[in-house]
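The lines below spell out each chain.
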Amino acid sequence: MFKSSKEFGYSEEFGYSEEFKAQELECDILIIGGGTAGCFSALTIAEQSKAKVIIAEKANIKRSGCLAAGVNALNAYITPGETPESYVEYVKQDAEGIVRPDLVYSMAQNLNRVAHKLEDLGVPFLKDADGNYLSRGKHSVKINGENIKPLLAAAVAPKGDIRILNRVNIFDYIVKAGRVVGAVGFALDASIVYVIYAKAVICATGGAAGLYKPNNPGFSRHKMWYCPFNTGAGYAMGIRAGAEMTSFEMRFIALRCKDTIAPTGTIAQGVKAPQINADGVKYMNNYAKATTPHRLHATVRENQLGRGPCYLQTKGITAEQEVDLYKAYLNMAPAQTLRWLERGTGPSTQNVEIEGTEPYIVGGHTGSGYWIDAQRFTTLPGLLAAGDVAGGSPKKYVTGCLVEGEIAAKSALAAMQDQALQSLQEDEITQIVRRINSCFRGQASPYMVEVIEGEMQKVMDEYAGGIASGYAFTVAKLKIAKTRLSELEQLALALTVKDRHELLALFEILDRLQVCQVVIAHLAARRETRWPCYQSNSDYPAKDDAHWLKYVNSRQVNGQIQIILRDVEKEYEH
Amino acid sequence: MSISINSEQCRGCRNCTEVCPGHLLAMDAEGKAFIKYPKDCWGCTACLKECPVGAIRYFLGPDIGGKAMYVYTNKTNACLEWHFVTPNAGEKIISVNRSDANKY
């Protein structure tokens, strides 16, 4: 799992004033990532046991993860007239059959309960006169989620035996005899390498952004939909440790407001704004389906056919509706309100232009992530996964991630009972610390992490179905991408860093390159086109149910990605 | 899009440097916060909401339609006030009651 110091260009010639030192910590359950799922796991454990928990969080749990800016609706909720069974059916339809009904069902059963818990924590919900939540569409309720993350973090902080390690980047699992028994990470505020031992580990690091060239590659390169600080660390650690992963070819591409990459659902569902093209035609009527990927695909298609740009038709909404939209966006994506005010053209006077984002890998929206069982165990003993990093269960959104965090917490509590803590030998720890220190030494490279990142995004954009090619790819192009990414990985491994911020950036780019290789292997493996845009294989442009109602899974063995195809109709448990 | 920090207003409390999910803010030699990596800002505005004196300004880059307006926040007991300031110092305030759910 650990590259030897030699591979990192370790050299005694260049001293570094601040040597990293190891610090060992012990706990019952280690939670990696204090976002939506991770916080809820910790809360569940504290409410149900006296287990000792460590949350290791790269940023600060107060505003880390996807919910930093807020969220304005809970998009996974069983509204009156719907059932957990109908939710499973809805997810199945949207994902063209490639879902794990067992995972979606166990989530759907508990969505409303966790939503009520959010209300107990202080999240405001919009209600009718009888106190029922008001819905926005069939599966969504309206809230004010601006403060949702600080509320979750505050609920965790004083509870039970939870230690929060903010600003610590976990970079690898500790694996003993095939079992995950902890993880290692480095601090960003001090030169400390944490070696954390645990009886069970829950991975809740989120998905991966920044793999593809973004919509705004210049000054506003991080004005993207998904959190740019979610860099796929949880996926990459699992891949390196040989965990089975699923559905990395089912990329998520969001339909967003142009430039600000702000959500469109709030406008589309909120003021019932249809999608129109430059001729004012409501083009969705001309396409067969109106599922999430098809709404995006239709927009891409209209542009390709010379009928762009496309808009959400908001012109003519009332002044009151406009002000309510301003407020709704301030509660989750303030850039959109700023843009409306700054340009003096609000949605009542000008339609809102829309575009597709770059592709992301995110298990809370599509199915990419760890292959898990119903208890949320990964294929690595001792390791569980929850939230965006866990696969097989699209359309989790916030509430689904909370449920998954809760299920993983309960499973971890049961699993830790008969486990003893294991630890590393001194020389093993020395090796890990030396690896970190070696990143500061060695020959100066002509490149920087930023340069490698830009090149990786360009390769993915051009050869692996990014925005530039209308999200389509060919197998021949994927082969080029694979080679180019391997070259970039070699260049990245030779980089030296000057400070801890650069060290973090180095580990992030190595993780992203690792995730990209798995994305490419999965895209090449599915020899059909299952979801337009998400996975548009130009060599096999049709959907092929006869052969491809299968999960595309993979495992990395001896540095090689091995594809495993699993029938959707078969048994889910591994 | 990014933020800037008015160093005359900054009191050096470090709330913003601690909350930034991207580790993008740092303290200068005078003990004032500044953004060290402006191109890496996500625009989450967590820092604005942490700043007790409204010293942090969020703005859009010209690549996404920015025309030099900026916004800062001020918390009252019930509301989060968003102050939008134009280049000629005109100001518009949108006040969002924190206990109100979104209508959309």
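The structure presented is a predicted model; accordingly, all values stated were derived computationally and were not measured. (Residues numbered from 1 in each chain as written. Chains lettered and ligands numbered in written order. Predicted model: local features only at pLDDT ≥ 70, side-chain atom pairs only at ≥ 80, totals over all residues. Heavy atoms only, no water.)

The next point concerns the overall build of chain B. Tallying secondary structure elements over chain B gives 2 helices and 7 strands in all. Computed over its C-alpha atoms, the radius of gyration of chain B comes to 14 Å, within 12% of the 13 Å expected for a compact globule of 104 residues. Burial statistics for chain B: of 104 residues in total, 55% are counted as buried. Put simply, 36% of the contacts in chain B that link residues at least 6 apart link residues at least 24 apart. (Helix = DSSP H or I, 4+ residues; strand = E, 2+ residues; numbered from the N terminus. Rg over C-alpha atoms; globule rule 2.2 N^0.38 Å. Buried < 20%, exposed > 50% of the residue type's maximum accessible area, 1.4 Å probe, protein only. Contact = heavy atoms within 4.5 Å.)

All names here are of chain A. On domain assignment, one finds that chain A holds domain 1 (25–206 + 362–426), domain 2 (255–356) and domain 3 (442–565). For domain 1 and domain 2, the distance between their C-alpha centres works out to 31 Å. Each side of the interface is counted separately: domain 1 has 12 residues, and domain 2 has 11 residues. Counting each side, the surface lost to burial between domain 1 and domain 2 is near 930 Å², with a carbon and sulfur contribution of 40%. (Domains from an automatic or database assignment. Buried area = accessible area lost by both parts, 1.4 Å probe.)

Below, the discussion takes up the nonpolar core. Within the largest apolar cluster, 142 residues are counted, with the highest numbers of intra-cluster contacts made by A:Tyr87, A:Ile267 and B:Ile3. In terms of residues, this core owes the most to one element, helix H11 (residues 397–416) of chain A, which gives 12 residues. Beyond its immediate chain neighbours, meaning those up to four positions away, A:Tyr87 contacts A:Asn75, A:Ala76, A:Ile78, A:Val104, A:Met107, A:Ala108, A:Leu111, A:His139, A:Lys395 and A:Tyr397. In terms of nonpolar packing, the next biggest core, distinct from the first, is built from 84 residues, A:Cys27, A:Tyr173, A:Val449 and A:Val497 among them. (Core = buried A, V, L, I, M, F, W, Y, C linked by side-chain atoms within 4.5 Å.)

Residues and elements named next belong to chain A. Mapped onto the secondary structure, glutamate 528 falls in the loop between helix H15 (500–525) and strand E19 (536–537). A distance of 2.8 Å separates a polar atom in the side chain of glutamate 528 from the backbone nitrogen of aspartate 544. Ignoring anything within four residues of it in the chain, the contact list for glutamate 528 reads Gln535, Asn537, Tyr540, Ala542, Lys543, Asp544 and Trp548. (Polar contact = N/O pair within 3.5 Å; in protein donor to acceptor, adjacent residues only side chain to side chain.)

Since one α-helical turn is 3.6 residues long, residues separated by three or four positions face the same way. All names here are of chain A. Taking 1.5 Å as the rise per residue, helix H13 (residues 449–463) with 15 residues should run 21 Å; its terminal C-alpha atoms sit 21 Å apart, in good agreement. The set of residues buried in H13 consists of Val449, Ile452, Glu453, Met456, Gln457, Val459, Met460 and Asp461. Structurally, H13 contributes buried residues whose contacts are with helix H14 (475–493) and H15. Of the residues one or two after H13, glycine 465 is the one with positive phi, at around 75°. (Expected span 1.5 Å × (residues − 1).)

Turning our eyes to something else, we now look at a nonpolar patch on the surface. Residues and elements named next belong to chain A. A grouping of Tyr447, Met448, Val451 and Leu491 is seen on the molecular surface, where their side chains present a nonpolar patch of about 340 Å² in accessible area. Looking at the secondary structure, you find leucine 491 in helix H14. For leucine 491, a relative accessible area of 33% puts it in the partly exposed group. (Patch = residues over 30% accessible without salt bridge, like charges linked within 9 Å, V, L, I, M, F, W, Y side chains within 5 Å. Areas by Shrake-Rupley, 256 points an atom, 1.4 Å probe, with all protein chains shown as cover. Salt bridge = Lys/Arg side-chain N within 4 Å of Asp/Glu carboxyl O.)

Residues and elements named next belong to chain A. The geometry of helix H1 (residues 36–48) relative to helix H4 (residues 111–121) is characterised by a closest axis approach of 14 Å and an angle of 85° between their N-to-C directions. Between H1 and H4, the interaxial angle falls into the category roughly perpendicular. For the pair H1 and H4, contact is made by Phe40, Leu43 and Glu47 and by Val114, Lys117 and Leu121, respectively. Tallied by class, residues from the contact of H1 with H4 come to 4 nonpolar, no polar and 2 charged. (Axes fitted to C-alpha atoms, helices over the stretch in contact; angles between N-to-C directions. Parallel < 35°, antiparallel > 145°, perpendicular 65-115°, else oblique. Nonpolar A, V, L, I, M, F, W, Y, C, P; charged D, E, K, R; others polar.)

Turning to the pattern of salt bridges, a few remarks are in order. In a structure, side chains of opposite charge can pair up when their charged atoms sit close to one another. All names here are of chain A. By the definition in use, this model includes 37 salt bridges over all chains. For lysine 543, the salt bridge is made with glutamate 96, and the minimal N-O distance between the two is 2.6 Å. You can see lysine 543 sitting in the loop between E19 and helix H16 (545–548) and its partner glutamate 96 sitting in the loop between helix H2 (84–94) and helix H3 (101–108), a full 447 residues away along the chain. Judged by relative accessible area, which is 8%, glutamate 96 ranks as buried. A salt bridge links arginine 526 to glutamate 249; the shortest N-O distance between them is 2.8 Å. Linking arginine 526 in the loop between H15 and E19 with glutamate 249 in the loop between strand E11 (245–246) and strand E12 (255–257), this pair joins segments that are 277 residues apart in sequence. Overall, the relative accessible area of 0% leaves glutamate 249 in the buried class.

Residues and elements named next belong to chain A. Within strand E15 (residues 352–356), 4 of the 5 residues are buried, leaving the element largely enclosed by the surrounding structure. In this structure, E12 lies alongside E15, joined through 3 bridges in antiparallel fashion. Within E15, the residue paired with arginine 256 across the bridge is glutamate 355. Pairing between strand E14 (residues 310–312) and E15: 3 bridges, direction antiparallel. Across the sheet, residue leucine 312 finds its bridge partner in E15, namely valine 352. (Pairing = 2+ DSSP bridges.)

Before going further, it helps to examine the sheet that holds strand E13 (residues 275–276) of chain A. Residues and elements named next belong to chain A. One open sheet accounts for 4 strands, arranged E12-E15-E14-E13; its pairing is antiparallel. Two strands close off the open sheet at either side, each with one partner strand: E12 and E13. Bridge count for E13 against E14 is 2 bridges, and the pairing is antiparallel. Opposite isoleucine 276, over in E14, you have tyrosine 311 as the bridge partner.

A contiguous patch of negative charge on the surface is contributed by A:Glu24, A:Glu26, A:Glu426 and A:Asp427. For A:Asp427, a relative accessible area of 55% puts it in the exposed group. (Lys, Arg positive; Asp, Glu negative; His and termini not counted. Charge placed at Lys NZ, Arg CZ, Asp CG, Glu CD.)

This part covers the sheet that holds strand E6 (residues 79–85) of chain B. As summarised here, the arrangement of the 5 strands in space is E1-E4-E5-E6-E7 (chain B), forming an open sheet in which the pairing is antiparallel. Among the strands making up the open sheet, the edge pair consists of strand E1 (2–5) and strand E7 (91–97) of chain B. The sheet shows a mean angle of 30° between the axes of neighbouring strands, direction not considered. The strands touched by helix H9 (residues 319–330) of chain A are E6 and E7 of chain B; relative to E7(B), the strand with the most contacts, the crossing angle is about 75°.

For the rest of this paragraph, the subject is the environment of A:Val271. By the secondary structure assignment, A:Val271 is in the loop between helix H7 (265–270) and E13. On the basis of relative accessibility, which here comes to 10%, the residue A:Val271 falls in the buried class. For the pair A:Val271 and A:Leu325, spaced 54 residues apart in the sequence, the C-alpha separation amounts to 8.8 Å. Residues contacting A:Val271, with those up to four places away along its chain left out, are A:Thr266, A:Ile317, A:Gln321, A:Leu325 and B:Tyr104.

Here we take up the interface of chain A and chain B. Listed per partner, the contact involves 59 residues of chain A and 49 residues of chain B. Carbon and sulfur atoms make up 61% of the surface buried where chain A meets chain B, a total of about 4,800 Å² over both sides. Looking at the side of chain A facing chain B, the largest losses of area belong to A:Phe219, A:Leu338 and A:Glu342, adding up to 16% of the total buried there. Between the two partners, chain A and chain B, sit 5 salt bridges. A salt bridge links A:Asp324 to B:Lys103, with the nearest nitrogen and oxygen atoms 3.4 Å apart.

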